Structures are given as C-alpha cells and as structure tokens.
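Spelled out from the first residue to the last, the chains are:
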Amino acid sequence: QVQVEESGGNSVQPGGSLRLSCAASGSIFSMYDMRWYRQAPGKQRELVATITKGGITNYVDSVKGRFTISRDNAKNTVYLQMNSLKPEDTAVYYCNADLRITLATPLLNYWGQGTQVTVSS
C-alpha cells in the first residue's frame, strides 16, 4: 500500500514564506514525476509546479520566481518552497506523484489529501 502525505500548510501574512513537504511511503520501487497542484475555493484545481526524476522543473507563470520545487529521491519526498506569498496563493495544496511499486508494474498516479495555505493580513 502506498500513501502520499503533505505537510507544512499554515496561515501567513502577505510577503511571508512557507515550505510544503510531501512524502510517499509504502511499497515503492521508484518515483517519477512529482507535482504540486492547488485549488482555491470556487476554482478549478491548478498545476503549480512539476519536477521530473532527473530534477527538471516547470512552474505556472503566476509563481515563477517565488516558488521552488525540489525533491529528495532517497526519501521519496518533494518540497515546495513558497516565498513572497500573496493572498491569491491561498488554496489547498495537493501533492501528486507518478511511481512504480515494482519494475514490472505500470506507472501509477497518487494524490495526497491536501494541506491548507492561507495568506492573509
């Protein structure tokens, strides 16, 4: 059984910083692309950042220069460092990961349960 769990969400003032973590645990052979999504109230879920197994990153335009995605392959963990936070960054942030549980099994996709980030003065 595989679990994906986020942590690090909190309430911060505009201009502040937060670091989100997402750890995958269980019977995992290898991790592949890992992503952070967010969903604000009344809005569709949005892809925020992606990191490949080799460390190639991609960001939505609204967070470029402020957010940094990184990963620790040895720990099956992905991070999202969020700086210069704005009220419009307020959302539930979800981790999404592609992984294999054995070399022979197909690529599977897992979601975490989400962690709340609130940016408000």
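Below or above, wherever it landed, is the structure these notes cover. (Residues numbered from 1 in each chain as written. Predicted model: local features only at pLDDT ≥ 70, side-chain atom pairs only at ≥ 80, totals over all residues. Heavy atoms only, no water.)

1. Looking at the pairing of strand β7 (residues 67-72)
Piece 1. Burial of β7 is one-sided: the residues F67, I69 and R71 facing one way are buried, the residues T68, S70 and D72 facing the other way are not.
Piece 2. Where β7 and strand β8 (residues 77-82) come together, six bridges link them in antiparallel fashion. By the bridge assignment, D72 is partnered in β8 with T77.
Piece 3. Here β7 folds back onto β8, and the loop between the two strands holds four residues, one of which, N76, carries a positive phi near 50°. (Buried < 20%, exposed > 50% of the residue type's maximum accessible area, 1.4 Å probe, protein only. Helix = DSSP H or I, 4+ residues; strand = E, 2+ residues; numbered from the N terminus. Pairing = 2+ DSSP bridges.)

2. Quick notes on the sheet that holds strand β3 (residues 18-26)
Piece 1. Strand order in the open sheet formed by four strands is β1-β3-β8-β7, with antiparallel pairing between adjacent strands. Each edge of the open sheet is held by one strand with a lone partner, namely β1 (2-7) and β7. Sheet twist, expressed as the mean angle between neighbouring strand axes with direction ignored, is 15°.
Piece 2. Sheet topology places β3 next to β8; six bridges connect them, and they run antiparallel. Considered in β8, the bridge of A23 is made with T77. (Axes fitted to C-alpha atoms, helices over the stretch in contact; angles between N-to-C directions.)

3. Digging into the pattern of salt bridges
Piece 1. Overall, the coordinates contain five salt bridges when judged by the stated rule.
Piece 2. Here D89 makes a salt bridge to R66, at a shortest N to O gap of 2.7 Å. Here R66 lies in the loop between β6 (57-59) and β7 and D89 lies in the loop between β8 and β9 (91-100), a separation of 23 residues in the sequence. Both residues of the pair, D89 and R66, count as buried.
Piece 3. Connected through salt bridges with shared partners, the residues R38, E46, R66 and D89 form a single ionic network. (Salt bridge = Lys/Arg side-chain N within 4 Å of Asp/Glu carboxyl O.)

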